There are 2 protein chains.
Amino acid sequence: MKRGQQLEVIDLEGEQVADLYCVALDDRAERLSSGRTIDYNDTIYQTKGHLLYSNRSRPLLEIVHDTVGRHDFLLTPCSLEMFHVVTGSKQHHPSCYDNLTNSFREFGFAGDDIGSTFNIFMNVEIGPEGKLTIKAPRSKPGDSITFLAKEDLIVGLTACSDEQTNNGTLKPIGYRIIE
Amino acid sequence: MKRGQQLEVIDLEGEQVADLYCVALDDRAERLSSGRTIDYNDTIYQTKGHLLYSNRSRPLLEIVHDTVGRHDFLLTPCSLEMFHVVTGSKQHHPSCYDNLTNSFREFGFAGDDIGSTFNIFMNVEIGPEGKLTIKAPRSKPGDSITFLAKEDLIVGLTACSDEQTNNGTLKPIGYRIIE
């Protein structure tokens, strides 16, 4: 994405999650930082008006439109290792991490450097003692969120492969770039 | 730290915070991951019995003793940029990020790669709508937490420079390695 462009992500069928990660085009060591974003916005739930910051504290994206208001920024993308740790299974499973890594590779960006993704429409609630519960997304068909690029960016986006996040129904995700 | 060694961190005077980050000795691209740890433990508050995972899902540390039970793993270490963003000031301020970066540099590990630190004794509460509140640490003089190294590690530890985390009273932090 070029600075000034907007990315609209649309939940076409409802209750689907899409993981987003991005790095600066001019220096790929500068990348999306969940920890700095949560710190500066003083909230774990980012929505319209919030900036998403890099590990160097520069705003990379601004949320300019959001019909849902519930997204996760605490968790890393689902990965083969995650399925193994969580389920105990050793079988192959598609994952957001593999999708992002395979797409970022041609831009010289390694999987080790993918931190916590901005997990669009993912509905994670925190109990009083800090316990996490992954609930069905609040998004209905046609719901959307729009990000304004504050810098030139390489952006990775993937529909989520984890049945746990999307109420057991794997579905596509829509997006478009607005010039 | 060598695998099998333990690191005890002691709050000598009470209400002080210490930021910890670590990477694998044999491959410094493998490093502490807040997002994977929170995911696998299903809680934002890590305490005795919890493993702290790497970005490759290997356990790097295990919390084997903890007299406080309230630590933060959501936020990046305080940094000069954080003080500028949060306070609007452009003045210099010491920071955990600078302390960690300066110490990691000799091990060939860059500041860009420091993600969310494990912020020992830092007391961050989450309101019902996701809002963060930084409260005084629950730790009293002599309180401690002990980590068991599950791999050979390079570990950075710093007393916190942010008056907001330690009830306005900057203090030293104690530690010892148990063979």
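Higher on the page you've got the structure.
Residues numbered from 1 in each chain as written. Chains lettered and ligands numbered in written order. Predicted model: local features only at pLDDT ≥ 70, side-chain atom pairs only at ≥ 80, totals over all residues. Heavy atoms only, no water.

Trainee: I'd like to hear about the overall build of chain A, residue by residue, with values.
Mentor: Looking only at helices and strands, chain A has three helices and ten strands in total. Secondary structure elements of chain A, listed N to C terminal, follow the sequence β-β-α-β-β-α-α-β-β-β-β-β-β. Against the globule reference of 16 Å for 179 residues, chain A gives a C-alpha radius of gyration of 15 Å, in line with a compact fold. By principal-axis analysis of the C-alpha atoms, chain A measures approximately 40 × 35 × 35 Å. Out of the 179 residues belonging to chain A, those deemed buried represent 57%. Here the analysis covers contacts within chain A between residues at least 6 apart in sequence; of these, 72% occur between residues at least 24 apart. Looking at chain A as shown, the accessible area adds up to about 7200 Å², and 48% of this sits on carbon and sulfur atoms. (Helix = DSSP H or I, 4+ residues; strand = E, 2+ residues; numbered from the N terminus. Rg over C-alpha atoms; globule rule 2.2 N^0.38 Å. Buried < 20%, exposed > 50% of the residue type's maximum accessible area, 1.4 Å probe, protein only. Contact = heavy atoms within 4.5 Å. Areas by Shrake-Rupley, 256 points an atom, 1.4 Å probe, with all protein chains shown as cover.)

Trainee: Please provide a residue-by-residue account of the pairing of strand 8 (residues 143-149) of chain B, values included.
Mentor: Residues and elements named next belong to chain B. Burial of strand 8 is extensive: seven of the seven residues sit out of reach of the surface. Of the two faces of strand 8, the one holding Asp143, Ile145, Phe147 and Ala149 and the one holding Ser144, Thr146 and Leu148 are both buried throughout. Bridge analysis of strand 1 (residues 6-11) against strand 8 gives six bridges, and the strand direction is antiparallel. Looking at strand 8, one finds that Asp11 is bridged to Asp143. (Pairing = 2+ DSSP bridges.)

Trainee: Which residues make up the pattern of salt bridges, and what values do they have?
Mentor: Applying the stated criterion across every chain, the model contains 28 salt bridges over all chains. Between B:Glu81 and A:Arg36 there is a salt bridge whose closest N-O contact spans 3.7 Å. Placement of the pair is B:Glu81 in helix 2 (residues 80-87) and A:Arg36 in helix 1 (residues 34-41), with the two residues belonging to separate chains. Residue classification places A:Arg36 among the buried residues on the basis of a relative accessible area of 3%. Among the charged side chains, a network of salt bridges with common partners joins A:Asp27, A:Glu30, A:Arg56, A:Arg58, A:Glu151 and B:Asp112. (Salt bridge = Lys/Arg side-chain N within 4 Å of Asp/Glu carboxyl O.)

Trainee: Before we move on, can you summarise the relation of the copies chain A and chain B with the specific residues and values?
Mentor: Mapping one chain copy onto the other needs a rotation about an axis and a shift along that axis. Once turned by 180 degrees and shifted 0.0 Å along the axis, chain A lies on chain B with an RMSD of 0.0 Å. Interpreted geometrically, this transformation is the action of a two-fold axis. (Least-squares fit on C-alpha atoms with pLDDT ≥ 70 in both.)

Trainee: Outline empty space enclosed by the protein, supporting the account with residue identities and numerical values.
Mentor: In this structure the tally under the stated criterion is three cavities of 30 Å³ or more. Estimates place the volume of the largest cavity at around 380 Å³. Lining the largest cavity are 32 residues, and of these A:Gly115, A:Ser116, B:Tyr21, B:Gly115 and B:Ser116 sit closest to its centre. Elements with a contribution of two residues or more to the lining of the largest cavity: helix 1 of chain A together with helix 1 (34-41) of chain B. Taken together, the residues of the lining of the largest cavity sort by class into twelve nonpolar, 14 polar and six charged. Estimates place the volume of the second largest cavity at around 100 Å³. (1 Å grid on protein atoms, 1.4 Å probe; cavity = no way out; pocket = protein on both sides within 12 Å on 5 of 7 lines; lining within 4 Å. Points joined across faces, edges and corners; volume = space filled by probe spheres on them. Nonpolar A, V, L, I, M, F, W, Y, C, P; charged D, E, K, R; others polar.)

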